[in-house]
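Examination of the molecular architecture
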Amino acid sequence: MMNILQAYFKGFKNTINSLRMVTLIYLLTLSLGLVLAIPFMSTLKEASGMSMDSVKMLKSFDYTAFKELMRFHGEGIRTFISVGFWVSVFYLILSIFLTGGILSKLMHWEKGFSLKSFFSNCGNYFFRFFRLSFYTILMHLVIAMTIYIPMVLIFKGKMDGGASEKNLFYLFIVFAIIHLLLAVYLLVITDYTRFMLVNSDSKKVLKQFWKGVKYVTGKFASTYGLYLMLMVAPWVFIFLYFKVSNLFYVTSGLWVLVLLILQQLFIWLRAGFRVWIFASQAAYFQENPKSGI
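Between its first and last C-alpha atoms helix H7 (residues 205-218) spans 20 Å; for 14 residues at 1.5 Å apiece the expected length is 20 Å, and the two agree. Of the residues making up H7, those classed as buried are Val-205, Gln-208, Phe-209, Gly-212, Val-213, Tyr-215 and Val-216.

Structural data, given as structure tokens:
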């Protein structure tokens, strides 16, 4: 039996041993981002007459500069925003696709890592994980409606009763916290359902999801607690990233390069954190495979 602290550090160790996979995920993510970023930056430079105004908006949002860009070059920028939406949809699909390869590698270390086996497993589990993601999104919507429809009704009653804005704000915070806790619970269930689908190679997504519900609920303190532990390092890094990036004042091409390198490091580490989360959860699941089911 493995406790969550052991799973946490074993997941970190397995992530370090999976740097080739982390780098592959980074490169695929970067390639998708460049599809939109390169033509978008070209449009911004052309719109700003090759001035540094567009580059400065990488540092902070300038409403006046943005208003001028939209006034004279709004049509082109709106086109890229529309394209960006579809790129985001494709990124979601790519993320689901890559998850199969990631989990298969993490749960079958003895097979080693190769591009052929990685992409083969990506395709093998894609439709199962896609269905699972679809069901999960629907359940997130149900949870949101279950929480916020009563909240709106309560708000309406309290506003009619003359409640202060302060009291309404605190009430909203309570509902938001409840929503966050339930959303994380559903995310954890989804992750362990993926492990079960890979472990059993089953195509019965709903059946495995129900097993995931029983597993996570039966080991609630451990599975939920491990997930919260795994969220600390990414959020600390995100906080430090924005703190450090705010130290740079973009006034030249050199600082743009420095900021670009920092951003790429951030993206690479995000891929690493994703693998770390899966690796720790997978390690815990494999050492505690039947409890709670």
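There is more to say after this.
So, about the side chain of His-179. Mapped onto the elements of the fold, His-179 is located in helix H6 (residues 165-200). Residue classification places His-179 among the buried positions, given a relative accessible area of 18%. Setting aside anything within four residues of it in sequence, one finds His-179 in contact with Ile-143, Ala-144, Ile-147 and Tyr-148.

So, on to the packing of helix H5 (residues 115-160) against H6. Two elements in contact, H5 and H6, have axes separated by 10 Å at closest approach and are oriented at 165 degrees. Viewed along their axes, H5 and H6 adopt a mutual orientation that is roughly antiparallel. The handedness of the crossing between H5 and H6 comes out as right-handed.

Within the secondary structure, Tyr-135 is located in helix H5. In this structure the C-alpha to C-alpha distance between Tyr-135 and Leu-206, which are 71 residues apart in sequence, comes to 8.6 Å. Once you skip the residues sitting within four places of it in the chain, Tyr-135 turns out to touch Val-205 and Leu-206.

Nonpolar side chains tend to gather and get buried jointly when the protein is soluble and globular. One finds Met-21, Ile-102, Phe-118, Tyr-192 and Phe-195 to be the most contacted residues of the largest nonpolar core, which totals 59 residues. Of all elements in the fold, only helix H1 (4-16), helix H2 (19-47), helix H4 (63-107), H5, H6, H7, helix H8 (220-245) and helix H9 (253-287) reach the threshold of two or more residues within this core. Here this core gets twelve residues from one element, more than from any other, and that element is H6. With residues up to four places along the chain from it excluded, the contact list for Phe-118 reads Met-21, Leu-24, Leu-98, Gly-101, Ile-102 and Phe-113.

Our next topic: H5. A maximum bend of about 45 degrees is found in H5 at Phe-126. Of the residues flanking the end of H5, it is Gly-162, one or two places downstream, whose phi is positive at about 85 degrees.

Conventions used here
- Residues numbered from 1 in each chain as written.
- Predicted model: local features only at pLDDT ≥ 70, side-chain atom pairs only at ≥ 80, totals over all residues.
- Heavy atoms only, no water.
- Helix = DSSP H or I, 4+ residues; strand = E, 2+ residues; numbered from the N terminus.
- Expected span 1.5 Å × (residues − 1).
- Buried < 20%, exposed > 50% of the residue type's maximum accessible area, 1.4 Å probe, protein only.
- Contact = heavy atoms within 4.5 Å.
- Axes fitted to C-alpha atoms, helices over the stretch in contact; angles between N-to-C directions.
- Parallel < 35°, antiparallel > 145°, perpendicular 65-115°, else oblique.
- Left-handed = near helix turned anticlockwise from the far one by under 90°.
- Core = buried A, V, L, I, M, F, W, Y, C linked by side-chain atoms within 4.5 Å.
- Bend = angle between axes of the 7 residues up to and from the residue.

In short, geometric facts, not functional conclusions.
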